[in-house]
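# Structural overview
If you want the building blocks of each chain, they are given just below.
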Amino acid sequence: MPDNWLKTEQGRTMDSFNYRNGKLYAENVNVATIAAQVGTPVYIYSKATFMDHLKKIQAAYADIDTTVCYSIKACGNINILKSLAEAGSGFDIVSGGELYRAQQAGADMSKIVFAGVGKTDVEILEALDAGIGYFNIESEAELENLIKLCKEHGKKTKAALRVNPDIKYDSHKHITTGVKETKFGVDIERAHKVFDTYAGNGVVEMSAIHVHLGSGGKTIDPYVNYVKKILPLVADLRAKGYTIDTLDLGGGYGADYETDTVPSAADYAAGIVPLLKAANLKLILEPGKSIIANAAIMLTRTVFKKTGGEKTFVIVDAGMNDLIRPCLYEAFHFIWPAQVEEKFVPDKRAKKLNLPGTETVDIVGPVCEGADFFAKDRTMPPVARGDLVAVFSAGAYGYTMASNYNARPLCAEVLVNGDTFEVIRKRQTYEDLVALEK
Ligand SMILES: *Cc1c(COP(=O)(O)O)cnc(C)c1O
């Protein structure tokens, strides 16, 4: 029986969710044990998996001065951040709340980059007080305000100007951010003007360029191409006497949700490192989902099975409030029962696993919305009321996007480490739901 069935031959998207004797394990822990103790729905993270992803990225770029700043918005539990920080990760934040999370996790503030188009004065002052590494600047107005606040409060900081290389690639429209007509950053021509106008401000050192393609790219080309588009800008700015020593290449490296086709960190590095080395540039990376997506499952229990009509519905106890990606992004997640007969143990991450005896079902939640689904017309071994079902690759933009819609308490998060597991976020209670209203 295949062990590590989610692992590719190249060890690309190594993760630690495997079937043993037909039972799903997270590392060495039977997920049914977690469900029995903690209840469902529950997010189950594998520490070995996200640490492995971080280390592979760090190793791939070891040839140049690189800071990996894990993107907190992908998954922000402070216990996970703590492990990543201990392994040398910095953090990409987009709000004061994420700054607070990083602080609670004991992060090195000098390795924090702060992105976002609408940073408030309060958030900026919090970040200045904390002494973060870089503000990623999205507009002239934002830069002017940052300079003003630094002067008023006697602070100095560093900024990376976010530039739009105007590169299109194959992804969902809501997560494509590196093209001209978005609210993020400035285009290359305008970047010159921003430097000419503001570089001599005396308090905000403008020594970096930031680019972020958006999420979900599945090939290396767009990433190499945007470096190639940015390097002439760097050369021009240097020729004018500005010091540019760092390129922040953002995040968006595809995670493997469907097939083993996304490039590895080493594949990206092979294209990017030589270019930066030649240009004598330091590197910042902001990976989110490529570190955490495959490092978690969401485990849910079958409440009812509804048959008899044209379709068969598997109604589970998790809803769109627990995992919104399928209905928000039309995202694909591999879904499979946590206990199966030997013949149904998947030997590949095969979304079209069409074995005799499987059935085609819609897997849906209990929320009162037609959009509350996890998969439609999906082939799966038959499940019955009470059976556990795992939604794979749920680590990124899963729990962080969860809500209390339908007055559903936020579910629990569990971290598995080898033979042991611990609850890293308790399930909310009904009292929690109304606590701030009293
Ligand atoms: C969301 C975001 C990231 C992380 O994106 P992933 O697709 O999770 O890698 C990195 N940088 C910025 C600026 C972002 O907005």
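Read on for an overview of the structure. (Residues numbered from 1 in each chain as written. Predicted model: local features only at pLDDT ≥ 70, side-chain atom pairs only at ≥ 80, totals over all residues. Heavy atoms only, no water.)

### Brief notes about unusual backbone geometry
- With an omega of -10°, the peptide bond running from Thr-40 to Pro-41 counts as cis.
- Tracing the backbone through its elements, the reader meets Pro-41 in the loop between helix H1 (31–38) and strand E4 (42–46).
- You will see that Glu-330, though not glycine, has its phi angle at about 55°, which is positive.
- Take Glu-330: its relative accessible area is 64%, and that puts it in the exposed class. (Helix = DSSP H or I, 4+ residues; strand = E, 2+ residues; numbered from the N terminus. Buried < 20%, exposed > 50% of the residue type's maximum accessible area, 1.4 Å probe, protein only.)

### Some words on the pattern of salt bridges
- Summed over all chains, the structure comprises 14 salt bridges.
- Notably, a salt bridge pairs Lys-119 with Glu-142, separated by 2.5 Å at the nearest N-O pair. Here the residue Lys-119 occupies a position in the loop between strand E7 (112–114) and helix H5 (121–130), and Glu-142 occupies one in helix H6 (residues 140–153), the gap between them amounting to 23 residues. The burial state of Lys-119 is the same as that of Glu-142; both residues are buried. (Salt bridge = Lys/Arg side-chain N within 4 Å of Asp/Glu carboxyl O.)

### A word on empty space enclosed by the protein
- Scanning the model with the defined rule gives 1 cavity of 30 Å³ or more in all.
- By volume, the largest cavity amounts to about 30 Å³.
- Lining the largest cavity, in full, are Ile-137, Leu-143, Ala-159, Ala-160, Leu-161, Phe-195, Met-206 and Ala-208.
- Put simply, the parts of the chain that give the lining of the largest cavity at least two residues each are strand E9 (157–164) and strand E11 (204–210).
- Per element, the largest residue contribution to the lining of the largest cavity is 3 residues, and it comes from E9. (1 Å grid on protein atoms, 1.4 Å probe; cavity = no way out; pocket = protein on both sides within 12 Å on 5 of 7 lines; lining within 4 Å. Points joined across faces, edges and corners; volume = space filled by probe spheres on them.)

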